[in-house]
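Chain residues, written in single-letter form:
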2 protein chains.
Amino acid sequence: MVKEKLGSNVTMEFKHQPTATLAEVAEAAGVGESTVSRVLRNHGSFSGKTRERVMAAVERLGYVPNRIAGTLASTGSRLVAFVIPSLSNIVFPDVLRGAGAVLEENRYQAVFSVTDYDPGKEEALAAAMLAWRPAAVMLAGCEHTEGTVKMLRASGCRVVELLDLDGDALDIAVGFSNRAAGRESAAFLLKRGYRRIGYVGHDLNRDTRAGKRFSSFCETLDAHDAPLVAREILPGASSVENGRLGLERLLARTTDLDAVYFSNDDMALGGYFHCLAEGISIPSKLAIFGYNGLDIGRATPQPLSTIRTPRVATGEIAAQLVVANAPAQAVDLGFELIEGATA
Amino acid sequence: MVKEKLGSNVTMEFKHQPTATLAEVAEAAGVGESTVSRVLRNHGSFSGKTRERVMAAVERLGYVPNRIAGTLASTGSRLVAFVIPSLSNIVFPDVLRGAGAVLEENRYQAVFSVTDYDPGKEEALAAAMLAWRPAAVMLAGCEHTEGTVKMLRASGCRVVELLDLDGDALDIAVGFSNRAAGRESAAFLLKRGYRRIGYVGHDLNRDTRAGKRFSSFCETLDAHDAPLVAREILPGASSVENGRLGLERLLARTTDLDAVYFSNDDMALGGYFHCLAEGISIPSKLAIFGYNGLDIGRATPQPLSTIRTPRVATGEIAAQLVVANAPAQAVDLGFELIEGATA
DNA sequence: CCGCAAATTGGTAGCGCTGCCAAAAAACCC
DNA sequence: GGGTTTTTTGGCAGCGCTACCAATTTGCGG
């Protein structure tokens, strides 16, 4: 399993190598340290020939500026910290992708850690992130422990809450309303004439955004005298397999459903596959509705009926606001209901 | 779209807030700076009551240590830099997830940037990462520009190459052989009796690992006198939609295929959906084989035939080796062929 | 060729912490 | 109780860079 690489100096070469420093570059170029610094950051004024001499020395020594030192010396850091619930749920990589691109362009650096949907862990990780004195901290949702909130408030760094506008924002919030999403999903199913509706979801205590969608979904059904008929909540994270299992269980208990709302597209796909496997015709016998608008839902034999959320855009906008040091605000990016063919 | 949050002091509160420093804590606790430092890092010796006084002061001032300063002052950083091709391809979030968990436990911090499969960008980003003086840089694969290699060599930090063992490693390599994966995929299809085999893939110039699988797949077919019948290569990244489109095109050109190898599971799922939609029965009329072993492939009506790769484990092992400052080595985690029901 | 403004430059004090060393205090042993 | 150890502590010099300020050089008009 583990094949040691043949060769002599295995560990030797990793002694902390004396990297060139700014002072050495200055010396080599025959100029002052501050001049090198100015040239490298292209900030302040310097003559063309100075620039060339400095760059030549940089090249010659293979100098790579030390951002740690630079950040410490200057006032503001160019780090942005992400504290996200999960990397398995594609939602968060999508947000990271959007934000990462913008941050990169602006020479910011993204650092991240994963909470596993655990508010306690979120607090601990937020504290750990703050130790890097980031320019901003980005978190999922607007539900945080008291400790987290207090800490973030006290930190003086920008705070961006992502993907959930149903609550009070600490500073910047970018996303959309999950309650509205739940509401519109219900309204859509009702409009289509479905009345006996069930729900298959994953652990809602942890994923509060899914919880919000679900509760407003139910409220809407109630308001139309078509209360939820049955639900199946699986412990653990959302997954295609859980969706399939959940629907199977739900149908075993409840025979006359005409539509099922899933906590998200992963779950819904699982449900869809279950129907395909069992020969349950969609949507005539059973309708399926998801949430997220994953690309895969467009390529299934029948496009999935769902709500497409602006995940990448959420990351982009969030990053742009941070880079621009925009004032506190909430940005509603909305979402799009995809009619699809499964409902 | 953008609703300004009502309220007065919009920007004021973000002036660089004077966070408490170690010196202030020391002062407040009535001890020396080094004592505070020792207590906080639980390193060196100090009495129980000193500890309490320090912790009380820390609590009182809401002190959060500045890791930037700490890192600069101490020799080695606890940063690990990831330079990955993509966040859309679930492979990389999976690796990050595995590595992130281990790094977190060991109080390391992950930073990342995304190359979009562009070697030039990889070089630029690697340079940017090096500026943070990370303990290690993790890259995908073992194909890098000359500049990247030179830079990494000179940096003196650990280098980990992930997910590809077919090549010379710079330092540590963790993953498996893509060539072997391609070979075994071909062998499996041949063993099942398929002889007229096609391929649907995404941009192989960029994704060199997929390219390696494909070329050794073809070699194996050739060696068994069943050369590849047709191929359809789509520009751009892999996706379910491209897989579907690719298979559609391939079948339009070539009528008598009995199996298709896809560049990965995303693509294969697309192909699978195409067959479902067109009523092409699987695997009797057409077999489908993927790569990656995504969870979703286990939940489809017919489990996808594929190769399951140890993505999370790759991240975990890589992180463990870095944390342990292990000697240079290549770790072959292997992969598992999932027979599934689509081939 | 002088005087003054503008453009360049270098010196240096930190940024907040750690690592080293020596001083002080506590513990221990005849 | 004196002489050692051993533990606990504080002081302080950097880590490599940036920000500020003062010094130097250059440009230009008269």
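Remember, predicted model here, so these are calculated numbers, not experimental data.

Participant: Please clarify how the protein's contact with DNA strand C should be interpreted in this entry.
Facilitator: In the vicinity of DNA strand C there are 25 residues, among which Gly32(A), Thr50(A), Leu22(B), Ser37(B) and Tyr63(B) approach most closely. Within 4 Å of the protein, atoms of DNA strand C come from sugar and phosphate in 64% of cases. Between DNA strand C and Leu22(B), the relevant distance is 2.3 Å, taken from a phosphate oxygen to a main-chain nitrogen or oxygen of the residue. Ala69(B) places a main-chain nitrogen or oxygen 3.3 Å from a base nitrogen of DNA strand C. Elements that contribute at least two residues to the surface near DNA strand C include exactly helix H2 (33-41) and helix H4 (67-73) of chain A together with helix H2 (33-41) and helix H4 (67-73) of chain B.

Participant: Explanation requested: unusual backbone geometry in the structure shown.
Facilitator: Trans peptide bonds make up the majority, and among non-glycine residues the majority have a negative phi. Omega for the peptide link from Ile282(A) to Pro283(A) comes to 0°, which places this bond in the cis form. By the secondary structure assignment, Pro283(A) is in the loop between helix H11 (265-278) and strand S10 (287-289). The residue Asp116(A) is not glycine, and still its phi comes out positive at about 60°. When its relative accessible area of 42% is taken as the criterion, Asp116(A) is described as partly exposed. A positive phi angle is found at Asp225(B), which is not glycine, with a value near 55°.

Participant: How should the domain arrangement of chain A be read in this particular structure?
Facilitator: One frequently used descriptor of interface size is the decrease in accessible area upon assembly of the parts. Domains assigned within chain A are domain 1 (18-65), domain 2 (79-176 + 311-334) and domain 3 (178-308). Each of domain 1 of chain A and domain 3 of chain A has a C-alpha centre, and the two are 61 Å apart.

Participant: Sorry if this is basic, but what is going on with the packing of H2(B) against helix H3 (residues 48-61) of chain B here?
Facilitator: Helix-helix packing: each pair is described by the crossing angle between the helix axes and the interaxial distance. Residues and elements named next belong to chain B. For the pair H2 and H3, the least separation of the axes is 10 Å and the interaxial angle reads 90°. Viewed along their axes, H2 and H3 adopt a mutual orientation that is roughly perpendicular. Packed against H2, whose contacting residues are Thr-35, Val-36, Val-39 and Leu-40, the element H3 presents Thr-50, Arg-51, Val-54, Met-55 and Val-58 at the interface. Taken together, the residues that form the contact of H2 with H3 break down as six nonpolar, two polar and one charged.

Participant: I tried to follow the relation of the copies chain B and chain A on my own but got confused; where do I start?
Facilitator: Think of it as a corkscrew move, a rotation about one axis and a shift along it, taking one chain copy to the other. With an RMSD of 0.1 Å, chain B superimposes on chain A once it is rotated by 180° and translated 0.0 Å along the axis. Considering both components of the superposition, the chain copies are consistent with a two-fold axis. For chain B, the smallest separation between a C-alpha atom and the rotation axis is recorded for Val111(B), amounting to 2.1 Å. The fraction of interface residues of chain B whose copies in chain A are also interface residues reaches 100%, indicating that both copies meet through the same surface.

Participant: How should I be thinking about the protein's contact with DNA strand D in this particular structure?
Facilitator: In the vicinity of DNA strand D lie 24 residues, with Leu22(A), Ser37(A), Tyr63(A), Thr35(B) and Thr50(B) positioned nearest. Measuring from a phosphate oxygen of DNA strand D, one finds a side-chain N or O atom of Arg41(A) at 2.7 Å. Between a base oxygen of DNA strand D and a main-chain N or O atom of Ala73(B), the distance comes to 3.3 Å. Elements with a minimum of two residues in the surface near DNA strand D: H2 and H4 of chain A together with H2 and H4 of chain B. When grouped by side-chain class, the residues that make up the surface near DNA strand D number nine nonpolar, 13 polar and two charged.

Participant: What exactly am I supposed to notice about the pairing of strand S7 (residues 197-201) of chain B here?
Facilitator: The side chains of a regular strand alternate between the sheet's two faces. Residues and elements named next belong to chain B. Within S7, five of the five residues are buried, which leaves the element mostly enclosed by the surrounding structure. Side chains Ile-197, Tyr-199 and Gly-201 of S7 all project onto a buried face; the interleaved residues Gly-198 and Val-200 project onto the opposite face, where all are buried too. Pairing geometry for S7 and strand S9 (residues 259-262), over four bridges, is parallel. Within S9, the position partnered with Tyr-199 by the bridge is Tyr-261. In the sheet, S7 pairs with strand S8 (residues 230-233) via four bridges, with the strands oriented parallel. The partner of Gly-201 across the bridge, within S8, is Ile-233.

Participant: What am I meant to see in the sheet that holds S9(B) here?
Facilitator: Hydrogen bonds between backbone atoms are what pair the strands of a sheet, whose relative direction is either parallel or antiparallel. Residue and element names in this part refer to chain B. Pairing is parallel across the open sheet formed by four strands, whose spatial order is S8-S7-S9-S10. In this open sheet, the two strands that pair with only one neighbour each are S8 and strand S10 (287-289). Looking at each pair of strands side by side, their axes are set apart by 15° on average, direction ignored. Relative to the sheet, helix H11 (residues 265-278) contacts S7, S9 and S10, its axis offset from that of S10 by approximately 160°.

Participant: Got a minute to help me understand the state of the cysteines in this structure?
Facilitator: Disulfides are covalent bonds that link the sulfur atoms of two cysteine residues. All names here are of chain A. Tallying each qualifying case throughout the model produces zero disulfides over all chains. Free of any disulfide, Cys-142 has its nearest cysteine sulfur in Cys-157, 18 Å distant. The buried category is assigned to Cys-142, whose relative accessible area is 12%.

Participant: Any chance you could explain the side chain of Asp171(B) here in plain terms?
Facilitator: Relative to the elements of secondary structure, Asp171(B) occurs in the loop between strand S5 (158-162) and strand S6 (172-175). Among the polar contacts listed, one links the side chain of Asp171(B) to the side chain of Arg158(B), at a separation of 2.8 Å.

Participant: Honestly, the packing of helix H1 (residues 22-29) of chain A against helix H3 (residues 48-61) of chain A in this entry has me stumped. Any pointers?
Facilitator: Residue and element names in this part refer to chain A. Running from N to C, H1 and H3 point in directions that differ by 120°, and their axes come no closer than 9 Å. In terms of orientation, H1 lies oblique with respect to H3. Crossing of H1 against H3: the hand is right-handed. When H1 is examined against H3, the residues Glu-24, Val-25, Ala-28 and Ala-29 are found in contact with a partner set consisting of Arg-53, Val-54, Ala-57, Val-58, Arg-60 and Leu-61.

Definitions and cut-offs
- Residues numbered from 1 in each chain as written.
- Chains lettered and ligands numbered in written order.
- Predicted model: local features only at pLDDT ≥ 70, side-chain atom pairs only at ≥ 80, totals over all residues.
- Heavy atoms only, no water.
- Near = heavy atom within 4 Å.
- Polar contact = N/O pair within 3.5 Å; in protein donor to acceptor, adjacent residues only side chain to side chain.
- Helix = DSSP H or I, 4+ residues; strand = E, 2+ residues; numbered from the N terminus.
- Buried < 20%, exposed > 50% of the residue type's maximum accessible area, 1.4 Å probe, protein only.
- Domains from an automatic or database assignment.
- Axes fitted to C-alpha atoms, helices over the stretch in contact; angles between N-to-C directions.
- Parallel < 35°, antiparallel > 145°, perpendicular 65-115°, else oblique.
- Contact = heavy atoms within 4.5 Å.
- Nonpolar A, V, L, I, M, F, W, Y, C, P; charged D, E, K, R; others polar.
- Least-squares fit on C-alpha atoms with pLDDT ≥ 70 in both.
- Pairing = 2+ DSSP bridges.
- Disulfide = S-S within 2.5 Å.
- Left-handed = near helix turned anticlockwise from the far one by under 90°.

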